[in-house]
Amino acid sequence: MILETQNLSKSFGTQEAVDNLSLEIPEGSVFGFLGPNGSGKSTTIRMMTDLIRPDAGEVFIQGKSVQKYHQKALSGVGAFIERADFYKHLSARTNLEMLARMDGNGFENIPIILERVGLSERAGDKVKNYSQGMRQRLGIAQALLSKPKLLILDEPTNGLDPQGMKEVRDLVRELSSEGITIFISSHLLDEVQKICSHVAIIHLGQLIISGKMDDLLTESEWFTTEIRVKPVKKAKTVLENQDWVHRCEEKHGALFINTTSEKLPEVTALLVQNECAVEAVIPKTSLEELFLSKTGMNEPQSHRDSEKK
């Protein structure tokens, strides 16, 4: 594991932002870190990068405690946290040269970095003339100055249009192919599903679920499957009586059920046995389904309010 948090906790006054959080980020992964607003994502990242101190627990990067060794533990880490902030009246190249000088790095790697993030042709332009997507890529360029083995990105596609999102997504894929481990905090579930190999979801500061993306998307009982079948009412009666079918609803002439992917052949066989004509079985597997179900955000508002009391 290139990055681990062990029993990490942080409170602000009476508010517990992060509660006993333990994460394991495998080397070489693109790791998505998800949670609703106020779930503790940014607080966790600030503890990972030693910007704030935890009340309890530790962060380990390549086996070194960030809380004990500080910059020595962070020597192989590049971080882009929140919105990129540069001197807008200066060029991208000059901004990077200033940052490199402050960190004690040379300039020889800057042309390579600008090429990697797709800004070589605009490197001499003032940052004030950059689009938001270009500024985000320049923020990632800043994080690459130290030649990191681990890149931590907090909402790297925040505020971008679809083209800007694609540019950042393609860059993440390219950096990952070069062996850099990437930790991404985001609220854009579709973007995370497209690029991440692993994912963790936190809610109210606590870890809800973590693992390989493919495993979580195929093994969960929470995903919806659409079944086009006739007669639909008879099929609904058959399926809603099975204890391994967790939801069965009729919408627009089709059934929508929640069950694990391994049960889908049994669903089809059961319907055929009961003289129902199955026209199609369409898994609706998505990270959004998992996120909403695990955080309780797909429940009616009245139910969520009662849970808080």
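Being a predicted model, the structure only gives us computed values, none of them experimental.

The rules we used
- Residues numbered from 1 in each chain as written.
- Predicted model: local features only at pLDDT ≥ 70, side-chain atom pairs only at ≥ 80, totals over all residues.
- Heavy atoms only, no water.
- Pairing = 2+ DSSP bridges.
- Helix = DSSP H or I, 4+ residues; strand = E, 2+ residues; numbered from the N terminus.
- Axes fitted to C-alpha atoms, helices over the stretch in contact; angles between N-to-C directions.
- Contact = heavy atoms within 4.5 Å.
- Core = buried A, V, L, I, M, F, W, Y, C linked by side-chain atoms within 4.5 Å.
- Buried < 20%, exposed > 50% of the residue type's maximum accessible area, 1.4 Å probe, protein only.
- Salt bridge = Lys/Arg side-chain N within 4 Å of Asp/Glu carboxyl O.

Overall, antiparallel pairing links the 4 strands, which are arranged β12-β13-β11-β14 in an open sheet. Two strands lie at the open edges of the sheet, namely β12 (247-251) and β14 (277-283), each paired on one side alone. Ignoring strand direction, the axes of neighbouring strands in this sheet form an average angle of 25°. Taken together, the 5 bridges between β12 and strand β13 (residues 254-258) define a ladder with antiparallel strand orientation. The residue of β13 that forms the bridge with Arg247 is Asn258. Strand contacts of helix α9 (residues 232-240): β11 (224-230), β12 and β13, with the helix running at about 170° to β12, the strand carrying the most contacts. Docked against the sheet, helix α10 (residues 264-273) engages β11, β13 and β14, running at close to 165° with respect to β14.

Read across the open sheet, the 6 strands follow the order β6-β7-β8-β3-β9-β10; overall the sheet is mixed. Among the strands making up the open sheet, the edge pair consists of β6 (77-81) and β10 (206-212). Adjacent strand axes in the sheet meet at a mean angle of 15° when their direction is disregarded. Pairing analysis gives 4 bridges linking strand β3 (residues 30-34) to strand β8 (residues 181-185), with the strands arranged parallel. Following the sheet pairing, Val30 is matched in β8 by Ile182. The strands touched by helix α5 (residues 132-143) are β6 and β7 (150-154); relative to β6, the strand with the most contacts, the crossing angle is about 155°.

Looking at the secondary structure, you find Val127 in the loop between α4 (110-116) and α5. Excluding its chain neighbours within four sequence positions, the residues that come into contact with Val127 are Phe86, Tyr87, Lys88, Leu90, Ser91, Ala92, Asn95, Arg135 and Leu138.

Where a protein is soluble and globular, its nonpolar side chains tend to be buried together. Leu138, Ile140, Leu151 and Ile182 are the most contacted members of the largest nonpolar core, which totals 45 residues. Not counting residues within four places of it along the chain, the set of residues in contact with Leu151 comprises Gly78, Ile140, Ala143, Leu144, Leu175, Ile180, Thr181, Ile182 and Phe183. Counting residues in each nonpolar core, the second largest holds 24 residues, with Leu21, Leu23, Leu74 and Val77 among its members.

One pass over the structure, following the stated rule, counts 13 salt bridges. Close ionic contact of Arg173 with Asp170 constitutes a salt bridge, the shortest N to O distance being 3.6 Å. Separated by 3 residues within a single helix, Arg173 and Asp170 lie in helix α6 (residues 162-177), roughly one turn from each other. Where Glu279 meets Lys230, a salt bridge forms, and the shortest distance between an N and an O atom there is 3.7 Å. Here Lys230 lies in strand β11 and Glu279 lies in strand β14, a separation of 49 residues in the sequence. We note that Glu279, like Lys230, is exposed.

Note the cis peptide between Lys230 and Pro231, where omega equals -10°. With respect to the helices and strands, Pro231 occurs in the loop between β11 and α9. Of note, Asp50 is a non-glycine position whose phi angle comes to about 65°, a positive value. Despite not being glycine, His70 has its phi angle at roughly 50°, a positive value. Positionally, His70 belongs in the loop between α2 (66-69) and β6. Classification of His70 by relative accessible area gives partly exposed; the value is 32%.

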